[in-house]
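Each chain is listed here by its residues.
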Amino acid sequence: MDSEHQDCIPAKHGSEITVCGIPASPGIASGPAFVFGDILNEVETRTIGSAEVEGEIARFRDAVDLVKQELTRDAERISEQLGDEHADVFLVHSMILEDRGVLDAVEDRIRTDLVNGEAAVAQEMKRLVGVLASSDDAYLKDRSFDISDIGKRVIERMLGVWAHCPLVQPMIIVASELRASDAVTMDRGRILGFVTEHGGKESHAAILARSLGVPAIVGATGIVDLVNTGDVLAVDGEKGTAVLRPAPGTLERLDRQKQDEVRERESLGELLELPAVTVDGTQIGLLANVGSIEDAREAARLGAQGIGLVRTEAVFMASGSFLSEDEQYDAYRGIVEAMGGKPVTIRTLDIGGDKFVGPENPFRERNPNLGYRSIRVLLDRPELFVAQMRAILRAGAHGDVRLLWPMICTLEELRAAKEVLEEAKVSLRRDGVPFREDVPAGVMIEIPSAALLADRLAAESDFLSIGTNDLTQYVLAVDRGNSLVDRLYRPHDPAVLMLIARTVEGARSAGVPVAVCGEMAGDPEYVPLLIGLGIEELSVAAPRLLPAKREIRRTELMAARELAGRALTAGTAGEVEAILGWTSPER
Ligand code: PEP
Ligand code: MG
């Protein structure tokens, strides 16, 4: 399982430097690094001739105009969809770009210092950030982030890239921290792996790495300062190490490991046509979690029985904007059709926390995981909610669609969501638009209150799906995206297991099915435990379908129940680890 992450001082052997972090997605990769997100510090400074000055200034002005137009569009869209108060950030950014003092300072640098436009923007923005960041005034300090964000955006436009991640070839992304919205906008075909200084194993960027089947390491302290874009990096996602400028011997060793991995993957292919049943013949539903049509195609190829979770926010994030009802309908329909009649569970938007749409977080909260997130946003913005449910209901006309509501915390929220669902149906009937009337609607159990109320939520819904990623975060008060507390993030803590067991009981009492769609379901080491707790359906990232199936096929129901029974009586996560056979009981 998770190797112990010590505070590892980067170790130097010859010219290679090894940095340790927390393993977040298995696999081996090597290739050039791309240091992400620091465009202000990385932009190339070029001396220009005086004949080029006016051209550079024109490029700068064009980029400013473009960003201003984008900001106006973003502000309008966010005001319309989330309310005027959330558009403030875009207005602040526009104001910076209206400030003649700032614009003149950049143009003066181009003229006087004879540097290219991007470098002039970077230098001026860094100067302003320095001034504001050293202020004692909290308001001014906060503005330094705005200056930095807007500077990056102008430079991106001058360079003709978005999200400052122009992957020109397959590369390993190195970053201080990677937000879900950053990760999802990258060219997925060119991502070899991720190494970040911050972020937890269940941060959404780590989840994306697992769904792409590429290695990821989080908590790799110091990596950003050590690595430059283009440096060769080798990543071992199983061990959690990143080796900068690997020696030939290191590369050979990793290459051998990679070949073992490939052989292992090939051997899993034998399972493709076999059913997901335990040794004693109990059928276990094995579905996939997806965030795009590409994921769905991969899931179908790997024999998923359906989709247990469509993270619709990933679809929004990938496009960088809120999608209209028709755009959503097209996207969901694509996923439904890719699954060729198999069930597809579409979850309504789970924005907030570390997930937001577009390059900036409009909410700017102190504690986003406990704030304006997910169903709370949707219930507050019925027009957004109705549009999404109409799109899902319409996609239901093309297959076996189910609807899933995330972050439900109270029965009132469930009832309110059901009312909006009815409203969406009424409006579709009125408009004469084809849709599926009897789309089953389920509840994510990912907040402790929901697990405690599982019987009542189950009695008023069609199914439950346990989100162990957030459930663990909220039960144990451990930020899932914070590497500093990552060692406290243990989904097998008895407190989490007790809530899973209670959810199973609640679902059974109401006679509705219950699945697990959190990352725990895709970790083969948890599979017998979850089956023993009474879970009959697992939904996992596509690359984990076959490893999970292999584990299901090795599981004996009675032994799994006995194992789960013992884990439920444990006092600590360490005791559960011993019961699962990972450690000795003394640990
Ligand atoms: C979860 O919380 O377990 C879950 C599946 O949802 P997400 O990871 O998207 O928050
Ligand atoms: Mg969740």
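Small disclaimer: the values here were computed from a predicted structure and weren't measured.

Criteria and thresholds
- Residues numbered from 1 in each chain as written.
- Chains lettered and ligands numbered in written order.
- Predicted model: local features only at pLDDT ≥ 70, side-chain atom pairs only at ≥ 80, totals over all residues.
- Heavy atoms only, no water.
- Helix = DSSP H or I, 4+ residues; strand = E, 2+ residues; numbered from the N terminus.
- Buried < 20%, exposed > 50% of the residue type's maximum accessible area, 1.4 Å probe, protein only.
- Contact = heavy atoms within 4.5 Å.
- Areas by Shrake-Rupley, 256 points an atom, 1.4 Å probe, with all protein chains shown as cover.
- Lys, Arg positive; Asp, Glu negative; His and termini not counted.
- Charge placed at Lys NZ, Arg CZ, Asp CG, Glu CD.
- Donors = N, O, S within 2.8 Å, 3.2 Å for Na, K, Ca; no water.
- Domains from an automatic or database assignment.
- Buried area = accessible area lost by both parts, 1.4 Å probe.
- Salt bridge = Lys/Arg side-chain N within 4 Å of Asp/Glu carboxyl O.
- Polar contact = N/O pair within 3.5 Å; in protein donor to acceptor, adjacent residues only side chain to side chain.
- Pairing = 2+ DSSP bridges.

Here we look at the overall build of the chain
- In terms of helices and strands, the chain carries 24 helices and 17 strands.
- A principal-axis box enclosing the C-alpha atoms of the chain has dimensions of 80 × 70 × 45 Å.
- For the chain, buried positions account for 58% of its 587 residues.
- Residue pairs at least 24 apart in sequence account for 69% of intrachain contacts in the chain once pairs closer than 6 positions are excluded.
- Accessible area of the chain: about 24000 Å², with a carbon and sulfur share of 52%.
- A gap of 2 Å separates the mean positions of the 64 positive and 95 negative side-chain charges of the chain.

Some details on the coordination of the magnesium ion (ligand 2)
- Every protein donor of the magnesium ion (ligand 2) is listed here as Glu446 (OE) and Asp470 (OD), and their distances to the metal cover 2.0 to 2.1 Å. Of this pair, Glu446 sits in the loop between strand E14 (441-445) and helix H17 (448-452) while Asp470 sits in helix H19 (residues 468-476), placing them 24 residues apart in sequence.
- Judged by relative accessible area, which is 2%, Glu446 ranks as buried.

Looking at the domain arrangement of the chain
- Taken domain by domain, the chain holds domain 1 (3-37 + 165-265), domain 2 (41-159) and domain 3 (272-579).
- Once you take the C-alpha centre of each, domain 1 and domain 3 turn out to be 28 Å apart.
- The interface is formed by 24 residues belonging to domain 1 together with 24 residues belonging to domain 3.
- Summing both sides of the interface, domain 1 and domain 3 together bury roughly 2100 Å²; the carbon and sulfur share of this comes to 51%.
- One can count 4 salt bridges joining domain 1 with domain 3.
- Here Glu519 ties to Arg210 by a salt bridge, and the two come within 2.7 Å at their closest N and O atoms.

As for the side chain of Lys425
- With respect to the secondary-structure elements, Lys425 resides in helix H16 (residues 411-431).
- Accessibility expressed as a relative area gives 8% for Lys425, which makes it buried.
- Only 2.8 Å separates the side chain of Lys425 from the backbone oxygen of Glu437, close enough to count as a polar contact.
- If we ignore the near neighbours within four places in the chain, the residues touching Lys425 are Leu393, Phe435 and Glu437.

A closer look at the pairing of strand E5 (residues 171-175)
- Burial of E5 is extensive: 5 of the 5 residues sit out of reach of the surface.
- Burial along E5 is two-sided: the face carrying Met171, Ile173 and Ala175 and the face carrying Ile172 and Val174 are both buried.
- Relative to E5, strand E4 (residues 28-35) runs parallel, the two being bridged by 3 bridges. Residue pairing in the sheet places Phe34 in a bridge with Ile173 of E5.
- The pairing of E5 with strand E6 (residues 191-196) spans 5 bridges and is parallel. Opposite Ile172, over in E6, you have Gly193 as the bridge partner.

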